[in-house]
Amino acid sequence: MRIAGIESESIVDGPGIRFTVFAQGCPLQCPGCQNPGTWDPCGGRHVDVEEIIDAMRSSVLASGLTLSGGEASRQPADCARLARAARDLKWDVWAWSGYTVEALLRQARRDAELADMLGQIDVLVDGPFQLAHRTLTVPWRGSSNQRLIDMPATLRAGHAVEWVDRTGSVR
């Protein structure tokens, strides 16, 4: 897997302490992106997925996996493997994508690896970062157009279902 980096104890990439993998490569290149160093698909470094899984297993504090980037959906097979390993650890899985869930679901109709990856995600933060809608007031998003998508509910319903946290509020 080509990655830009790993943050083994992140507190900003979803709820709790997260093991965050930053996938390398993003064709969207949103103006104002906080991770422009992840755009080049040939940048970063290649790491064997099993090495990442071993690091996940060694984590003492993490309780969830976050797939960020770059654009994690461009490496779906590797991300699905990481997500399955997270499930084995009883972790939840969050992913960020600059694509909307609707666009990803259309792509997944002809891409079995992407469909597999989407089926492993609990919450998808979807949509491109939009500098004009930049905000610090919504959790886990950089711009107000981005949504928190409940992926299991979305896959069951066949349309986007927003995630509701444990307190019952849509965030």
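With an unreviewed UniProt entry as reference, the chain is termed Anaerobic ribonucleoside-triphosphate reductase-activating protein, source organism [Propionibacterium] namnetense SK182B-JCVI. Under the Catalytic activity (unreviewed entry) heading, UniProt states for the chain: "glycyl-[protein] + reduced [flavodoxin] + S-adenosyl-L-methionine = glycin-2-yl radical-[protein] + semiquinone [flavodoxin] + 5'-deoxyadenosine + L-methionine + H(+)". What the UniProt record of the chain gives under Function (unreviewed entry) is the line "Activation of anaerobic ribonucleoside-triphosphate reductase under anaerobic conditions by generation of an organic free radical, using S-adenosylmethionine and reduced flavodoxin as cosubstrates to produce 5'-deoxy-adenosine."

Caption draft 1: Expanded view of helix α2 (residues 76-88). The end-to-end C-alpha separation of α2 is 18 Å, in line with the 18 Å expected for 13 residues at 1.5 Å each. Along α2, the positions that sit buried rather than exposed are P76, C79, A80, L82, A83, A85 and A86. Packing partners of the buried residues in α2 comprise β2 (18-23), α1 (49-58), β4 (64-68), β5 (92-96) and α4 (112-119). Directly after α2, the chain includes K90, whose backbone phi takes a positive value near 70°.

Caption draft 2: Representation of the sheet that holds strand β7 (residues 147-150) within the structure. Taken together, seven strands build an open sheet; the order of strands is β3-β1-β2-β4-β5-β6-β7 and the sheet is mixed. Bordering the open sheet on either side are β3 (45-46) and β7, each of which pairs with just one other strand. Pairing of β4 with β5 involves four bridges; the strand directions are parallel. Looking at β5, one finds that L67 is bridged to A95. Strands β1 (2-10), β2 and β4 of the sheet are contacted by α1, whose axis makes an angle of about 160° with β2. Seen against the sheet, helix α3 (residues 101-108) touches β6 (123-126) and β7 and runs at an angle of roughly 110° to β6.

The rules behind these values
- Residues numbered from 1 in each chain as written.
- Predicted model: local features only at pLDDT ≥ 70, side-chain atom pairs only at ≥ 80, totals over all residues.
- Heavy atoms only, no water.
- UniProt positions renumbered as here; feature names shortened; annotations may be inferred.
- Helix = DSSP H or I, 4+ residues; strand = E, 2+ residues; numbered from the N terminus.
- Expected span 1.5 Å × (residues − 1).
- Buried < 20%, exposed > 50% of the residue type's maximum accessible area, 1.4 Å probe, protein only.
- Contact = heavy atoms within 4.5 Å.
- Pairing = 2+ DSSP bridges.
- Axes fitted to C-alpha atoms, helices over the stretch in contact; angles between N-to-C directions.

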